[in-house]
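Chain by chain, the residues:
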Amino acid sequence: MDSWEKALRVCRPQLPALEKLWPGLEDIWARGWVSNFGPVHEELERRLSARLGAPHLALTSTGTSALQLAAIALGLTGEVITTPFTFPATVNALRLAGATPVFCDIEPDTLMLDVAQIETAISGRTCGIAPVHLFGGAVRVDAIDSVAHRHGLRVLYDAAHAFGVTFQGRPITDFGHASALSFHATKIFHTIEGGAVAIGDPVTRARILSLRNHGIGPDGFDELGTNAKLNEIQALIGLLLLDVIDIEIAARREVDAHYRERLADRPGIRLMPPQPEVGRNYAFFPIQVDESGFGRDATATVAQMADQGIHARQYFPYLCRPEALKGRFPAAERAAATTICLPIDGTMTEADVERVCNELQPLAR
Ligand SMILES: Cc1ncc(COP(=O)(O)O)c(C=O)c1O
């Protein structure tokens, strides 16, 4: 069996070549400027803004802080409708910003917020919607933005998984009032830890700049803020990975195609449906395992593959606030019980995909 270093595993972090890192580190050492918006940070912010087509972008220390600061800047202090099938950061950030998350169910095929359910969850206390783009795809942004517009609601997209994703050819960050990206090492583009807010206008961006730096604005101490700064070394990692992100996405597209070819007709395995309007980034390859059709549940499937040196992962194995929500959102509960992300990265060969698919087996009968 392969060592952990060589094993096929989900969310293996991309790392820049060490020889490319050294010159950048030497420059940072020579300047003696390691944090607080140094030149590498500023260059990354500029280049990301251009790459993502997001003119008003602010780097942050994590995706969670990006969500939290965006929620504060959008004034989300009432009820905010969101999905229970997400990483806890979505809900934590809303609560830390003073919002009250209100959940509704997801679409059973895309696993993302169901627009019809959003409509029924809107009350007189609703101030916003916080949909989550999952697994390198996108939630139905056109429909959500139009519901929000009709009801006068603010929309904060959790775009932690959606680096570079497009909808009808437009950058995904064009939609809603703000999008929060995560640059955690598990993401297709990362700075080890990091994130960014893409926001609709320069004034709100200036507010985020102040909030991420203790509330210190151009005129001094403006308001309550926090420390959500990204440092120079993290920004350097980001710049180096940005140089190769399009190669990575293209390589993953091939891996995705190999998986789809091999798994298309597997009994009990459901693939994410194609989203013709969405330009995916292939960050994840999720499948759903139907125990009755496949012969093994998701947990047992992941464990059995791990025994063979293939590290898939249940994503997300529990709902946010599972006890409070039990029995209320059947599609989300089913997604939590059945969804597995298979290993995907740009170094995987067709033979690697074959191996994963061969190990993805029901119980021997
Ligand atoms: C859907 C989702 N939202 C938010 C986050 C939080 O991002 P970070 O880990 O950068 O704080 C994550 C991280 O995994 C995520 O998967």
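See above for the structure.
Residues numbered from 1 in each chain as written. Predicted model: local features only at pLDDT ≥ 70, side-chain atom pairs only at ≥ 80, totals over all residues. Heavy atoms only, no water.

Draft legend 1. Molecular detail of the side chain of Asp256. Its location among the elements puts Asp256 in helix α9 (residues 245-263). Dropping the residues within four chain positions of it, Asp256 is found in contact with Tyr282, Phe285 and Ile344. (Helix = DSSP H or I, 4+ residues; strand = E, 2+ residues; numbered from the N terminus. Contact = heavy atoms within 4.5 Å.)

Draft legend 2. Fine view of the sheet that holds strand β17 (residues 313-314). The antiparallel open sheet is built from four strands, whose spatial order is β13-β15-β18-β17. Looking at which strands have only one partner, the edges of the open sheet turn out to be β13 (269-271) and β17. Note that β13 and strand β15 (residues 285-289) share three bridges and pair antiparallel. Bridging across to β15, Arg270 finds its partner in Gln288. Contacts from helix α13 (residues 330-338) reach β15, β17 and β18 (339-342), with the element oriented near 45° to β18. (Pairing = 2+ DSSP bridges. Axes fitted to C-alpha atoms, helices over the stretch in contact; angles between N-to-C directions.)

Draft legend 3. Main features of the site of the ligand. Contacts to the ligand come from 15 residues, most closely from Gly63, Thr64, Asp158, Ser182 and Lys187. Within the contact set of the ligand, an oxygen atom lies 2.5 Å away from a side-chain nitrogen or oxygen of Thr64. Between the ligand and His161 there is a distance of 2.9 Å, counted from an oxygen atom to a side-chain nitrogen or oxygen. Summarising the interface, the protein chains cover 91% of the accessible area of the ligand, which totals 390 Å² for the free molecule. Among the elements of the structure, α3 (63-73) and α4 (88-96) are those that each provide at least two residues to the shell around the ligand. Residue composition of the shell around the ligand, by class: four nonpolar, nine polar and two charged. (Near = heavy atom within 4 Å. Polar contact = N/O pair within 3.5 Å; in protein donor to acceptor, adjacent residues only side chain to side chain. Areas by Shrake-Rupley, 256 points an atom, 1.4 Å probe, with all protein chains shown as cover. Nonpolar A, V, L, I, M, F, W, Y, C, P; charged D, E, K, R; others polar.)

Draft legend 4. Structural context of helix α8 (residues 232-242). Among the 11 residues of α8, 10 are classified as buried, and the element is accordingly described as predominantly covered. Against the buried residues of α8 lie α1 (18-31), α2 (39-52) and α9. Sitting at the amino-terminal end of α8 is Asn231, which places a side-chain oxygen 3.0 Å from the backbone nitrogen of Ile233. (Buried < 20%, exposed > 50% of the residue type's maximum accessible area, 1.4 Å probe, protein only.)

Draft legend 5. Geometry of the packing of aromatic side chains. This structure, assessed with the given rule, holds 12 aromatic pairs. When the centroid spacing of 4.9 Å and the interplanar angle of 90° are considered together, the rings of Phe183 and Phe189 count as edge-to-face. Between Tyr259 and Phe285 the ring centres are 4.5 Å apart and the planes differ by 25°, which places this aromatic pair in the stacked class. One end of the pair, Tyr259, is in helix α9; the other, Phe285, is in strand β15, with 26 residues separating them in the sequence. An identical accessibility class is assigned to Tyr259 and Phe285; each is buried. Three or more aromatic residues joined by ring pairs form one cluster here, namely Phe85, Phe135, Phe284, Tyr315 and Phe316. (Phe/Tyr/Trp six-rings, centres within 6.5 Å; stacked < 30°, edge-to-face > 60°.)

Draft legend 6. Main features of the pattern of salt bridges. If you walk through the whole model with that rule in mind, you get 14 salt bridges. With a closest N to O distance of 3.2 Å, Arg262 and Glu354 form a salt bridge. Taken together, the positions of Arg262 in helix α9 and Glu354 in helix α14 (residues 350-359) put the pair 92 residues apart, joining distant regions of the chain. Judged by relative accessible area, Arg262 falls into the partly exposed class, the value being 23%. (Salt bridge = Lys/Arg side-chain N within 4 Å of Asp/Glu carboxyl O.)

Draft legend 7. Expanded view of the nonpolar core. Leu44, Leu48, Phe85, Ile118, Phe135, Phe163 and Phe189 are the most contacted members of the largest nonpolar core, which totals 78 residues. Here this core takes seven residues from α8, the largest share from any one element. There are two domains that each give this core at least three residues, and those are domain 1 (18-242) and domain 2 (245-359). Not counting chain neighbours up to four residues away, the residues in contact with Phe189 comprise Leu44, Leu48, Phe163, Ser182, Phe183, His184, Gly238, Leu241, Leu242 and Ile245. Grouped together as the second largest cluster of nonpolar side chains are 24 residues, Leu69, Ala71, Ala73 and Ala97 included. (Core = buried A, V, L, I, M, F, W, Y, C linked by side-chain atoms within 4.5 Å. Domains from an automatic or database assignment.)

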